[in-house]
Amino acid sequence: MIEKMPPRNRKRRISDDERIQITSARFDSIRTSGMVTPLAVLAKRFQRNEAVISRVIAQSLRAQFVEVRVLRDEDRAPERHADLERDLLRKYRGLLSAIVVGVKHPPDGPGSSEEALDYGDRVHQALGHALSLEIARGTLIKNGEQLGVGPGRGVYETVRALLHQPQLRASGVTLVSLSGVGYLRHHARNRNLLLDPDFMVVFLSEAFEKPVVIDLVSSPIVVEAEKRSGGPIHRWLGSEDRNRRPLDTAILGVGVLSPGNRFYQEATVSQPSAQEVIYQPIREPLRALLRTAEQVSTPAYVPVGDLGYHLFFVPPPPDVSVPEESRLVIVRQIETINARLLSAHEQDFKAMRSVVLVAGTECKARAMHHIITGDLAAVTHLCTDVFAARVLRSS
């Protein structure tokens, strides 16, 4: 009797499409878990031996069927929340567009901690990247545009990200710095950056394909007392001798008088060697304002906002009570400081035809809500993070 042998398994040919699928699947999970997909999982999914799977991946990479690139954070398209974007557009009827970017949950602990400041930097980096993609589409900046540029991290990160995009094709553009120099620095200790408009308009000019006109302030943010002549200080922006027409568009950030803000820093620094000398004329008024503001501040509400180096009172949410006497004191203190700042002010903001607001973190949401709903500026485009957007939606 002849014993029959079991049939041998016939090798299945691996097509080029299957090689690509196997190799791609090996690296797909890096996006979510940071780890490659185990060979055992791939072997089960594709019904192949683990050794075959390993060999196919190596061959595919050598033959360049699949190319694996390590992307920097600024190369990754930011995650956007379309549902929140729609909600904000329904709520704030003056908005023409809204960008809501997904970010990690904010850290616990005080806002003055290094972890909190670093978190704020990462949030604004994500916002700047998202806004740069929108600007790069060519829909926000048109031919002949007068474009104002404000100070701050959100604006800086937008300009920085734009330099990695295809150059803008708009021609006849004028870039206008919207404040004097306040030596606004980046929180990251290993980055020697100044975030004032005078510096940023120069960087931004490199993002254009054609030559642009650059208007600088070239003066410190705080003016000397003797420059006042019985009334408001002479404002550089829109001064009559320049015959300036209103700005078409301005890109502005938002701050509040809390850790990380330049005015807060100058109000709290004690060592003379760490003080910036240009703030000396307003240092005591800033300290007085901070003392008053802290009496009514909460973790989610700060009564003093900052729009392009212009301070303003932020109305409290329904669950926070600010006595009328305290409100009047804060308003008077703000007026005293604003009178000494070489920056755009309320009449300038109101004259701007379109304002692009780029700002994030939950503590700024009330200030952003006031700007969007009030008559301080005509905000038409908003770029913010998911946590600030939720507060805005419920405000």
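Here, the structure is the one placed above.
Definitions and limits used
- Residues numbered from 1 in each chain as written.
- Predicted model: local features only at pLDDT ≥ 70, side-chain atom pairs only at ≥ 80, totals over all residues.
- Heavy atoms only, no water.
- Helix = DSSP H or I, 4+ residues; strand = E, 2+ residues; numbered from the N terminus.
- Buried < 20%, exposed > 50% of the residue type's maximum accessible area, 1.4 Å probe, protein only.
- Contact = heavy atoms within 4.5 Å.
- Areas by Shrake-Rupley, 256 points an atom, 1.4 Å probe, with all protein chains shown as cover.
- Expected span 1.5 Å × (residues − 1).
- Arc of directions from axis to C-beta.
- Phe/Tyr/Trp six-rings, centres within 6.5 Å; stacked < 30°, edge-to-face > 60°.
- Pairing = 2+ DSSP bridges.
- Axes fitted to C-alpha atoms, helices over the stretch in contact; angles between N-to-C directions.
- Salt bridge = Lys/Arg side-chain N within 4 Å of Asp/Glu carboxyl O.
- Polar contact = N/O pair within 3.5 Å; in protein donor to acceptor, adjacent residues only side chain to side chain.
- Left-handed = near helix turned anticlockwise from the far one by under 90°.
- Nonpolar A, V, L, I, M, F, W, Y, C, P; charged D, E, K, R; others polar.
- Patch = residues over 30% accessible without salt bridge, like charges linked within 9 Å, V, L, I, M, F, W, Y side chains within 5 Å.

Quick look at the overall build of the protein chain now. Secondary structure assignment for the protein chain yields 14 helices and 10 strands. Burial analysis of the protein chain (395 residues in total) assigns 51% to the buried set. Contacts in the protein chain between residues at least 24 apart in sequence constitute 73% of all its contacts with a sequence separation of at least 6. Accessible area for the protein chain stands at about 20900 Å²; split by element, carbon and sulfur atoms hold 50% of it.

All right, on to helix H1 (residues 16-28) then. Relative to the 18 Å expected for 13 residues at 1.5 Å per residue, H1 spans 18 Å between its end C-alpha atoms, a close match to the ideal helical length. Buried within H1 are the following residues: Glu18, Arg19, Ile22, Thr23, Ala25 and Arg26. The buried residues of H1 occupy an angular sector of 155 degrees when projected down its axis, which confines them to one face. Those residues of H1 that are buried are in contact with helix H3 (39-46) and helix H4 (50-62).

Moving on to the packing of aromatic side chains. Throughout the structure, instances matching the rule amount to 2 aromatic pairs. Seen from their ring centres, Phe263 and Tyr279 are 6.2 Å apart, and the 85 degrees between their planes marks the pair as edge-to-face. Placement of Phe263 in helix H9 (residues 262-268) and of Tyr279 in the loop between H9 and helix H10 (280-294) is noted, with a sequence separation of 16 residues between them. By the burial criterion, Phe263 is buried, and Tyr279 matches it. Residues Phe263 and Tyr309 carry aromatic rings whose centres are separated by 5.7 Å and whose planes lie at 65 degrees to one another, so their mutual orientation is edge-to-face. One end of the pair, Phe263, is in helix H9; the other, Tyr309, is in the loop between strand S7 (304-307) and strand S8 (310-313), and 46 residues separate them in sequence.

Now for unusual backbone geometry. Although it is not a glycine, Gln47 adopts a positive phi angle of roughly 55 degrees. The residue Gln47 is located in the loop between H3 and H4 in this model. Owing to a relative accessible area of 58%, Gln47 belongs among the exposed residues under this scheme.

Attention now goes to the sheet that holds S7. On the basis of which strands lie adjacent, the open sheet formed by 3 strands has the order S6-S7-S8 and antiparallel pairing. Sheet topology places strand S6 (254-256) and S8 at the edges, where each strand pairs with a single neighbour. Recorded for the sheet is a direction-independent mean angle of 30 degrees between the axes of neighbouring strands. Across 4 bridges, the pairing between S7 and S8 is antiparallel. Across the sheet, Val304 pairs through a bridge with Phe313, a residue of S8. Packing of helix H11 (residues 324-338) onto the sheet brings it into contact with S7 and S8, and relative to S8 it is tilted by some 170 degrees.

The next subject is the sheet that holds strand S4 (residues 213-215). Here we have 7 strands laid out as an open sheet, ordered S1-S10-S9-S5-S2-S3-S4, and parallel in their pairing. What marks the edges here is a single partner per strand, and that holds for strand S1 (97-101) and S4. Across the sheet, the mean angle separating the axes of adjacent strands is 15 degrees when strand polarity is ignored. The strands that helix H7 (residues 153-162) touches are strand S2 (146-149), strand S5 (249-252) and strand S9 (354-358); relative to S9, the one it contacts most, it runs at about 95 degrees.

The next point concerns the pattern of salt bridges. Evaluated as defined, the whole model comprises 16 salt bridges. Two residues, Arg80 and Glu85, come together in a salt bridge whose shortest N-O distance is 2.9 Å. Between Arg160 and Glu157 there is a salt bridge, with its nearest N and O atoms 3.2 Å apart. Of this pair, Arg160 and Glu157 both sit in helix H7, 3 residues apart, roughly one helical turn. For Arg160, a relative accessible area of 24% corresponds to the partly exposed category. Overlapping salt bridges bring together Arg80, Glu85, Glu134 and Arg137 as one network.

This paragraph deals with the pairing of S8. Two faces, one strand: in a regular strand the side chains alternate between the faces of the sheet. Along S8, one buried face is formed by His310 and Phe312 and the opposite face, lined by Leu311 and Phe313, is buried too. Between S7 and S8, which pair antiparallel in sequence order, lie 2 residues; one of them, Gly308, sits at a positive phi of approximately 60 degrees.

Note on placement: Thr37 falls in the loop between helix H2 (30-33) and H3. In this structure the side chain of Thr37 is engaged in a polar contact, spanning 2.8 Å, whose partner is the backbone oxygen of Ala25. Not counting chain neighbours up to four residues away, the residues in contact with Thr37 comprise Ala25, Arg26, Ser29, Leu42 and Arg45.

Here we take up the pairing of S1. Summarising burial for S1: 5 of the 5 residues are buried, a large majority. Burial along S1 is two-sided: Ser97, Ile99 and Val101 facing one way and Ala98 and Val100 facing the other are all buried.

On to the packing of helix H5 (residues 82-91) against helix H14 (residues 386-394), then. Packing of H5 against H14 brings their axes to within 10 Å, and their N-to-C directions diverge by 35 degrees. When you trace H5 past H14, the crossing you get is left-handed. Of the residues in H14, those touching H5 at Leu84, Asp87, Leu88 and Lys91 are Val386, Ala389, Arg390, Leu392 and Arg393. Broken down by class, the residue content of the contact of H5 with H14 amounts to 5 nonpolar, no polar and 4 charged.

This paragraph deals with a nonpolar patch on the surface. Nonpolar side chains collect at one region of the surface, where Leu163, Val202, Phe203, Ile214 and Leu216 lie side by side and expose about 380 Å² of accessible area between them. The exposure class assigned to Ile214 is partly exposed, which follows from its relative accessible area of 32%.

So, to be careful, I would describe these as geometric facts and stop short of saying anything about function.
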